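Breakdown of the fold
Here is what each chain is made of, one letter per residue.
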Amino acid sequence: MGGEVPSPRRLTRALSSDSTSYLPDEALHLVLAHVDAPRDREAASLVCRRWHRIDALTRKHVTVGFCYAARPSRLLARFPTLESLAIKGKPRAAMYGLIPDDWGAYAAPWVAALAAPLDCLKALKLRRMAVSDDDVAALVRARGHMLQELRLDKCSGFSTDALRLVARSCRSLRTLFLEECSITDKGGEWLHELAANNSLLVTLNFYMTELKVAPADLELLAKNCKSLLSLKISECDLSDLVGFFKAANALEDFAGGAFYEVGELTKYEKVKFPPRVCFLGLTYMGTNEMPVIFPFSASLKKLDLQYTFLTTEDHCQLISKCPNLFVLEVRNVIGDRGLQVVGDTCKKLRRLRIERGDDDPGLEEEQGVSQLGLTAVAVGCRDLEYIAAYVSDITNGALESIGTFCQNLYDFRLVLLDRQKQVTDLPLDNGVRALLRSCTKLRRFAFYLRPGGLSDTGLEYIGQYSGNIQYMLLGNVGESDLGLIRFAIGCTNLRKLELRSCCFSERALSLAVLQMPSLRYIWVQGYKASATGLELLHMARPFWNIEFTPPSPESMLRMAVDGEPCVDTQAQVLAYRSLAGQRSDCPDWVTPLHPAA
Amino acid sequence: MTYAEGEGSGKTTMAAAKESSKSSFAVTCGLLSRYLRENKGGALQGLAGLGMAPPATAIEGGAFQPPTTMNLLSGLEDPKPDTVDVELAVDKGQLLQAPTGNQDAHQLTIFYGGKVVVVDNFPSTEVKALLQMANAAGDGAVDRTVPQSMPGPAHSDLPDLPIARRNSLHRFLEKRKGRITAKAPYQANSASSAPSKQANGDKFWLGLGQEVAIKQEI
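Report follows, based on the coordinates.

Time to look at the overall build of chain A. For chain A, the helix and strand inventory stands at 20 helices and 23 strands. Against the 2.2 N^0.38 benchmark of 25 Å for 597 residues, chain A shows a C-alpha radius of gyration of 26 Å, consistent with a compact globule. Seen along its three principal axes, the alpha-carbon backbone of chain A occupies a region of about 70 × 65 × 60 Å. A total of 597 residues make up chain A; the buried ones form 57% of that total. Residue pairs in contact within chain A that sit at least 24 positions apart in sequence constitute 71% of those at least 6 positions apart. Accessible area for chain A stands at about 22900 Å²; split by element, carbon and sulfur atoms hold 54% of it.

Shown next as structure tokens:
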């Protein structure tokens, strides 16, 4: 007795739900309060009813991965003391203009059901949802006095009136995040009111929006909010921000602005960034303006060059001065030469994104990025955790190198552009196998190729070596239905799957879904669709919603959020686990499918 | 030269893209058939006597469309492993399929100038020699692209989906085009003066010349 480790049976009794348990609820509360990781919480809540109850009472944050998977009332019933909530709406394809505006994902039911009853709610994040001014008003009415974080990420449907309301009423706001939202601009007073009423703001982000603001209001904000760490804004001439930068002493992150009068450095010479700035993303920055960064390039940790006018040579020159980068985002104008410099210089790099530039060869110098550049990066930057790249060429060897050298990868995305006719080394079966076998920490994986890029064998490899991958996007992979089925059999942990431009039949898709035990969400566009989606019913089962968008030329006329027409006339399928029953707010061009009762 | 021999596939394709090597390849073909007959490992005999196959799809790019009928040595339905005649697969689904016969001998398919030859049970040991011979004749004028060796009948049925562009990038690129046309000077100069800046020997990718950029809606 005393000092001995309790036997397993005694521990079990201690933690069990019977009344003679040794461990009081309060102790379990304290223990679980230290468990934050969502998967751990998920597991803990399944141990027994007691643990389920205590998890529900102690969980601080919940992410609803898809807004139609559950009803708001259910969330409220289970987590009445929730402090932070995140909800995701439209399929990811909405970020690529593939989902029309009226698809759904309305914030209204969630705000209506939760804003008032969730007494402890102080942080709300909505991603790719339709949000109206009324929704924001309802939120502010109920929670304005204690709201600390409001994030509307790629949302649409509201105006600056809603922002004025937030600015006036949410005096405790630390974070206002509006990146890439479509906001009706009725004037810039909202920023003035925010600056005048708030002194706690840490993060303000309206990057990639079209909002027009007055530089004087930004300066006022800097003066009143001494803790402002991160500011990302829409287009605004940088030379007008000299006053702001002088006042914002604590600033670490800055993105946006714009260089308008280009060719003349003198106008921008006065721009001096605050001393602690270590993340920069400067819009329209060109070769002549680049030197504004040089004085502190060595302290840069994150650099976003996606919206600049830099040439390949510029990238080489600038990046060679940034040895402490953790995050780098560029377009493929960086070229293989630029990636070589990255590999040589940025030894601490964790995240690398190489976006797709213009296809017009007159505008982008180098014709993209290839296996040469990727290999150089893999060899040089061994700490990489995230790689996303649009490449013009790729080889099995490069994929194998990435697998060998980047053991910490948890997110890998590769898109093979379709401009170049010749690709060195297809199919990529062996390369992808090597990469998946080596990178055991991989959780997210995207592989978008062209016909012939991956055989059925290669597709089977992806399934076989999928390991703990939870999300996949696959495009133009495989040759036949057999490949898809074999892939599906291997994917035991896959939760979310997106397929595009594939050759599979409806029936094969259904059968494949049934093979994947963890799959809770699948989105498909571009497959051998029927006019009615009938064969999709092979995957019909309880708590599984199937929504079919028939192929139609009329969809060409539909507008996406930013007014750009959706050109895709191909069928779409969206199927997902749901406790909320069939959607009741589908637009008329989406057909929910279910077997006749 | 692309030579793919994984566990499940032993496909080898050769295609000479340049017309100039036609005649030398024809000569080589003759040599090839004699060589194979002499070496006895395979089942190939008499490459002469091939009927005309319907023209295969263009070798460069485009979706692969395997011919629906093959008129080589009519009358043969089922490929038999050990016959000495040239085997052919009438069914397009069987063309370029997984290996028949024993482990070390696989199906060999040769595309050339609109004609297709399919050889069953071509031993893997002979492949290297075959490739060397072809290399010598073709002088490196070999299409290394493998896509056309992959039967993808379904791809030909589906219209191509363009790779969608992210909204934020799309807006940026549109704005950049607008700035170039509106303020003719700087950006246009930057792009066109790039060559002079690059005059110090930096590589400049050639050959993508006057390709018209297809406007991406998304």
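Moving on from the model shown.
Turning to the packing of helix H2 (residues 25–33) of chain A against helix H4 (residues 49–58) of chain A, a few remarks are in order. Residue and element names in this part refer to chain A. Where H2 meets H4, the closest approach of the two axes is 10 Å, and the angle between their N-to-C directions is 60°. Put simply, H2 runs oblique to H4. With respect to the hand of their crossing, H2 and H4 are arranged in right-handed fashion. Of H4, the residues touching H2 (which contributes Asp 25, Leu 28, His 29 and Leu 32) are Arg 50, Trp 51, Arg 53, Ile 54, Asp 55, Leu 57 and Thr 58. Of the residues that constitute the contact of H2 with H4, the class distribution is five nonpolar, two polar and four charged.

Quick look at the environment of Ser 510 of chain A now. Residue and element names in this part refer to chain A. Within the fold, Ser 510 resides in helix H20 (residues 506–515). As for Ser 510 and Ala 255, which are separated by 255 residues in sequence, their C-alpha atoms are 44 Å apart. With residues up to four places along the chain from it excluded, the contact list for Ser 510 reads Glu 535, Leu 536, His 538 and Met 539. Side-chain polar atoms of Ser 510 contact the backbone oxygen of Leu 536, separated by 3.4 Å.

This next bit is on the pattern of salt bridges. Summed over the entire model, instances satisfying the criterion amount to 31 salt bridges over all chains. The closest approach of N and O atoms between Asp 25 of chain A and Arg 53 of chain A, which form a salt bridge, is 3.6 Å. Within this pair, whereas Asp 25 of chain A is found in helix H2, its partner Arg 53 of chain A is found in helix H4, the two being separated by 28 residues in sequence. The exposure class of Asp 25 of chain A is partly exposed, given its relative accessible area of 26%. Between Lys 186 of chain A and Asp 161 of chain A there is a salt bridge, and its shortest N-O distance comes to 3.1 Å. Of this pair, Lys 186 of chain A sits in the loop between strand S7 (182–184) and helix H9 (189–197) while Asp 161 of chain A sits in helix H8 (residues 160–169), placing them 25 residues apart in sequence. One network of salt bridges, with partners in common, ties together Arg 127, Asp 153, Lys 154 and Glu 180 of chain A together with Arg 171 of chain B.

The subject of this paragraph is the nonpolar core. One broad rule of soluble globular proteins: the nonpolar side chains tend to lie buried together. By size, the foremost hydrophobic cluster in this structure holds 181 residues, and its most contacted members are Phe 254, Phe 445, Phe 447, Ile 462, Leu 474 and Phe 487 of chain A. With residues up to four places along the chain from it excluded, the contact list for Phe 487 of chain A reads Leu 459, Glu 460, Ile 462, Gly 463, Met 472, Leu 474, Leu 494, Leu 497 and Met 516 of chain A. Counting residues in hydrophobic clusters, the runner-up holds 11 residues, among them Tyr 284, Tyr 307 and Phe 309 of chain A together with Phe 172 of chain B.

Residues and elements named next belong to chain A. The omega angle of the peptide bond from Leu 426 to Pro 427 is -5°, so this bond is cis rather than trans. Tracing the chain through its elements places Pro 427 in the loop between strand S16 (411–416) and helix H17 (429–438). Even without a glycine there, the phi angle at Ala 105 is positive, about 60°. Assignment of secondary structure puts Ala 105 in the loop between strand S2 (84–88) and helix H6 (108–114). With a phi close to 60°, Glu 180 is a non-glycine residue in the positive phi region. Mapping Glu 180 onto the fold places it in the loop between strand S6 (175–177) and S7.

Residue and element names in this part refer to chain A. Of all 10 residues in helix H15 (residues 371–380), seven are buried, a share of seventy percent or more. Listed in full, the buried residues belonging to H15 are Gln 371, Gly 373, Leu 374, Ala 376, Val 377, Ala 378 and Gly 380. Looking at the buried residues of H15, the elements they touch are helix H14 (335–345), strand S14 (351–355), strand S15 (386–391), helix H16 (396–405) and S16.

Turning our eyes to something else, we now look at the packing of aromatic side chains. All names here are of chain A. What the rule picks out here adds up to 20 aromatic pairs over all chains. Relative to Tyr 521, the ring of Phe 66 lies with its centre 5.2 Å away and its plane at 85°, an arrangement referred to as edge-to-face. Placement of the pair is Phe 66 in the loop between strand S1 (61–64) and helix H5 (72–78) and Tyr 521 in strand S20 (residues 521–525), with a sequence separation of 455 residues. Tyr 521 matches Phe 66 in its accessibility class, with the two residues each being buried. By way of ring pairs, the aromatic residues Phe 66, Tyr 68, Trp 103, Tyr 521 and Tyr 576 are connected into one cluster.

Thresholds applied
Residues numbered from 1 in each chain as written. Chains lettered and ligands numbered in written order. Predicted model: local features only at pLDDT ≥ 70, side-chain atom pairs only at ≥ 80, totals over all residues. Heavy atoms only, no water. Helix = DSSP H or I, 4+ residues; strand = E, 2+ residues; numbered from the N terminus. Rg over C-alpha atoms; globule rule 2.2 N^0.38 Å. Buried < 20%, exposed > 50% of the residue type's maximum accessible area, 1.4 Å probe, protein only. Contact = heavy atoms within 4.5 Å. Areas by Shrake-Rupley, 256 points an atom, 1.4 Å probe, with all protein chains shown as cover. Axes fitted to C-alpha atoms, helices over the stretch in contact; angles between N-to-C directions. Parallel < 35°, antiparallel > 145°, perpendicular 65-115°, else oblique. Left-handed = near helix turned anticlockwise from the far one by under 90°. Nonpolar A, V, L, I, M, F, W, Y, C, P; charged D, E, K, R; others polar. Polar contact = N/O pair within 3.5 Å; in protein donor to acceptor, adjacent residues only side chain to side chain. Salt bridge = Lys/Arg side-chain N within 4 Å of Asp/Glu carboxyl O. Core = buried A, V, L, I, M, F, W, Y, C linked by side-chain atoms within 4.5 Å. Phe/Tyr/Trp six-rings, centres within 6.5 Å; stacked < 30°, edge-to-face > 60°.

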